[in-house]
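# Results of the structural survey
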Amino acid sequence: LLYAAGGLSGVFLLLCALGVLSPEGIGAWLGREVEPPTTQQAVFSTKIGETVDKPFQVIPLPLTELDQAGAAAGEGTGLLLAMKADDGSLGYISALPLAADCGACSGVAGRNQTLWQLNQREGVYTIAQVSCLRDAALAGHDRRLALCRPSGSPWRDPDKLAWLDPTEEGGQDYLIGICTELAQLGFDEILLTNCAYPTQGDLASLGETGDRDAQLEAFCRRLQGALADYPVLVSIQGSGDFAQKGSQSGQTAALLASFPGRVWAGQGDAEALA
């Protein structure tokens, strides 16, 4: 029995090393909730050109602590919930076929109902964080939707994550569908992070992308139009290079100013965006 147990352990470790199995995957199979990775993005935000006496305070709320939302919320604060992580995993159950095909959906029963009830609570301001174009799940599932190297293989950033091509209609439809579902769940605000071309990593190995400014603006305008009839504020995290001609991110001052919500700034970009 000891020899058998040792052999099985060795096989398990080998499969984990090869990427065939993972402890997280085993946990999900056993019914344990596995949280998508969250990134504490901006803690400061304001509309470009607008002066505020007190910056809007943000409290990142792990999805395992939704029952503590009432205690965490307060005047002048917002609860930030990761609804689409950088790896493409979703914090809710999506009805989009593509979400199921690429394995992005949350498998937590009743999650959508819990989010709906939270979003309807008086005095609680909720923000759905959506990692827009950084999406390892979908880009890995369908490389036609990914930013690619000249060889045709998906380009990956320093964290080995792939990005979606904002010009691909299939990827646009998917992201618009996710944001629409989140608006229907009653979120007060949707924050688009990574709504830009990548600016970190081996950018020289990225294939030809064309006019980034125009292509990113076309995608954002289509997304804004799709959400125009919903009572949700649409915000974007700005990139510090927005004022540079031919910026790597594809963001411009005009693009950032076109968002009806806030322009958020990460720590490294706060000074440039101020």
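Note that the structure is a prediction, hence the values are computed from the model and not measured.

Once that is clear, we can look at the pattern of salt bridges. Applying the stated criterion across every chain yields a total of eight salt bridges. The shortest N-O distance in the salt bridge between aspartate 135 and lysine 84 comes to 2.9 Å. One end of the pair, aspartate 135, is in the loop between strand S4 (126-131) and helix H6 (136-141); the other, lysine 84, is in strand S3 (residues 77-84), with 51 residues separating them in the sequence. Between arginine 222 and aspartate 173 there is a salt bridge, with its nearest N and O atoms 2.5 Å apart. Here arginine 222 is found in helix H8 (residues 212-227), whereas its partner aspartate 173 is found in helix H7 (residues 169-184), with 49 residues between them in sequence. Residues joined by salt bridges that share partners form a network here, namely Asp86, Arg134, Asp157 and Asp159.

What follows concerns the environment of leucine 138. On the secondary structure map, leucine 138 appears in helix H6. A relative accessible area of 0% places leucine 138 in the buried class. Excluding residues that lie within four positions of it along the chain, leucine 138 makes contacts with Leu98, Cys102, Leu145, Leu164 and Tyr174.

Procedures and definitions
Residues numbered from 1 in each chain as written. Predicted model: local features only at pLDDT ≥ 70, side-chain atom pairs only at ≥ 80, totals over all residues. Heavy atoms only, no water. Salt bridge = Lys/Arg side-chain N within 4 Å of Asp/Glu carboxyl O. Helix = DSSP H or I, 4+ residues; strand = E, 2+ residues; numbered from the N terminus. Buried < 20%, exposed > 50% of the residue type's maximum accessible area, 1.4 Å probe, protein only. Contact = heavy atoms within 4.5 Å.

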